[in-house]
Amino acid sequence: MEATFEPKILGMLCSWCAYAGADTAGVSRTQYPPNIRIVRVMCSGRIDPLFIARAFESGADGVLVAGCHSGDCHYISGNEYAKDRITSFGGMLDFFGIDQRRLKLAWVSASEGTRFAAVVAEMTEELRALGPLKLKVQ
């Protein structure tokens, strides 16, 4: 009997919206895969692409960056910075031999616990289909 691959996902969630959305999912007892490990950041705009690279280097099969919806950022335009950075960095992943589908950007508000759970479930299934990340680190 073959074991199902269980991906490791690192979630970098903005404190004000996405992290609160994850908390709402937990308080509401919304079921989602336990594959994600969450790092709380003050703003998604503060996530350096090097953090993402380090996550992959350290064994993550996927990285989820989640922040406030457009227009709702507590730091005015931090989520727009995040969108630009993640989109640019996502384009460079091919250079490193990493499928771009392993990096996901999502907008989740504090009241969207169900949405957070759905994003994690969808990403988990997609990563299962991709299989483990086989990154050659020198």
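This report concerns the structure included in the present document. (Residues numbered from 1 in each chain as written. Predicted model: local features only at pLDDT ≥ 70, side-chain atom pairs only at ≥ 80, totals over all residues. Heavy atoms only, no water.)

There is a patch of nonpolar side chains on the surface, built from Trp16, Met42 and Tyr75 and spanning about 320 Å² of accessible area. Inspection of the secondary structure assignment puts Trp16 in the loop between strand 1 (9-14) and helix 1 (18-27). (Patch = residues over 30% accessible without salt bridge, like charges linked within 9 Å, V, L, I, M, F, W, Y side chains within 5 Å. Areas by Shrake-Rupley, 256 points an atom, 1.4 Å probe, with all protein chains shown as cover. Salt bridge = Lys/Arg side-chain N within 4 Å of Asp/Glu carboxyl O. Helix = DSSP H or I, 4+ residues; strand = E, 2+ residues; numbered from the N terminus.)

Note on placement: Thr4 falls in the segment before strand 1. The class for Thr4 is exposed, based on a relative accessible area of 58%. (Buried < 20%, exposed > 50% of the residue type's maximum accessible area, 1.4 Å probe, protein only.)

Before going further, it helps to examine the sheet that holds strand 4 (residues 103-107). Here four strands make up an open sheet; going across it, the order is 2-1-3-4 and the pairing parallel. Taken across any chain shown, the strands that pair with only one partner, and hence form the sheet edges, are strand 2 (36-41) and strand 4. Across the sheet, the mean angle from the axis of one strand to that of its neighbour is 20 degrees, orientation sign disregarded. Where strand 1 and strand 2 come together, six bridges link them in parallel fashion. Within the sheet, the bridge partner assigned to Leu10 lies in strand 2 and is Arg37. Here helix 1 sits on the sheet in contact with strand 1, strand 2 and strand 3 (62-67), set at roughly 115 degrees to strand 1. Lying over the sheet, helix 3 (residues 78-92) contacts strand 3 and strand 4, oriented at roughly 160 degrees with respect to strand 4. (Pairing = 2+ DSSP bridges. Axes fitted to C-alpha atoms, helices over the stretch in contact; angles between N-to-C directions. Contact = heavy atoms within 4.5 Å.)

To continue, consider the packing of aromatic side chains. Describing an aromatic ring pair means giving the distance of the ring centres and the angle of the ring planes. Going through the model one piece at a time under the given rule, you end up with two aromatic pairs. Both rings, one in Phe95 and one in Phe96, keep their centres 5.3 Å apart while their planes meet at 80 degrees; by these two values the pair is edge-to-face. The class for Phe95 is exposed, based on a relative accessible area of 72%. By relative accessible area, Phe96 is classed as partly exposed at 45%. (Phe/Tyr/Trp six-rings, centres within 6.5 Å; stacked < 30°, edge-to-face > 60°.)

What follows covers the pattern of salt bridges. This model, assessed by the stated rule, comprises five salt bridges. Of the charged contacts in the structure, one is a salt bridge between Arg128 and Glu125, with a shortest N-O distance of 2.3 Å. A residue pair is termed a helical-turn pair when its members lie 3 or 4 positions apart in one helix, as Arg128 and Glu125 do in helix 4 (residues 113-130) at three residues. Owing to a relative accessible area of 26%, Arg128 belongs among the partly exposed residues under this scheme. Through salt bridges with shared partners, a single network forms among Glu6, Glu125 and Arg128.

With respect to the secondary-structure elements, Asn79 resides in helix 3. With residues up to four places along the chain from it excluded, the contact list for Asn79 reads Ser44, Cys68, His69, Ser70, Gly71, Cys73 and Trp107.

Angle between the axes and distance between the axes are the two parameters that describe a pair of packed helices. The interhelical angle for the contact between helix 2 (residues 49-57) and helix 3, taken along N-to-C directions, is 45 degrees, at an axis separation of 10 Å. Relative to helix 3, helix 2 is oriented oblique. Taken as a pair, helix 2 and helix 3 cross one another with a handedness that is right-handed. Contact residues: Pro49, Ile52 and Ala53 in helix 2; Arg85, Ile86 and Phe89 in helix 3. (Parallel < 35°, antiparallel > 145°, perpendicular 65-115°, else oblique. Left-handed = near helix turned anticlockwise from the far one by under 90°.)

To continue, consider the nonpolar core. In this structure, Ile52, Phe56, Val63, Val65 and Leu103 are the most contacted members of the largest nonpolar core, which totals 16 residues. Breaking this core down by element, the ones donating at least two residues are strand 1, helix 2, strand 3 and helix 3. With three residues, the single largest contributor to this core is helix 2. Beyond its immediate sequence surroundings of up to four residues, Val65 is in contact with Met12, Ser44, Ile47, Ile52, Ile86, Leu103, Lys104, Leu105 and Ala106. Core analysis: the second largest hydrophobic core is formed by 15 residues, Ile9, Ala22, Ala106 and Phe116 among them. (Core = buried A, V, L, I, M, F, W, Y, C linked by side-chain atoms within 4.5 Å.)

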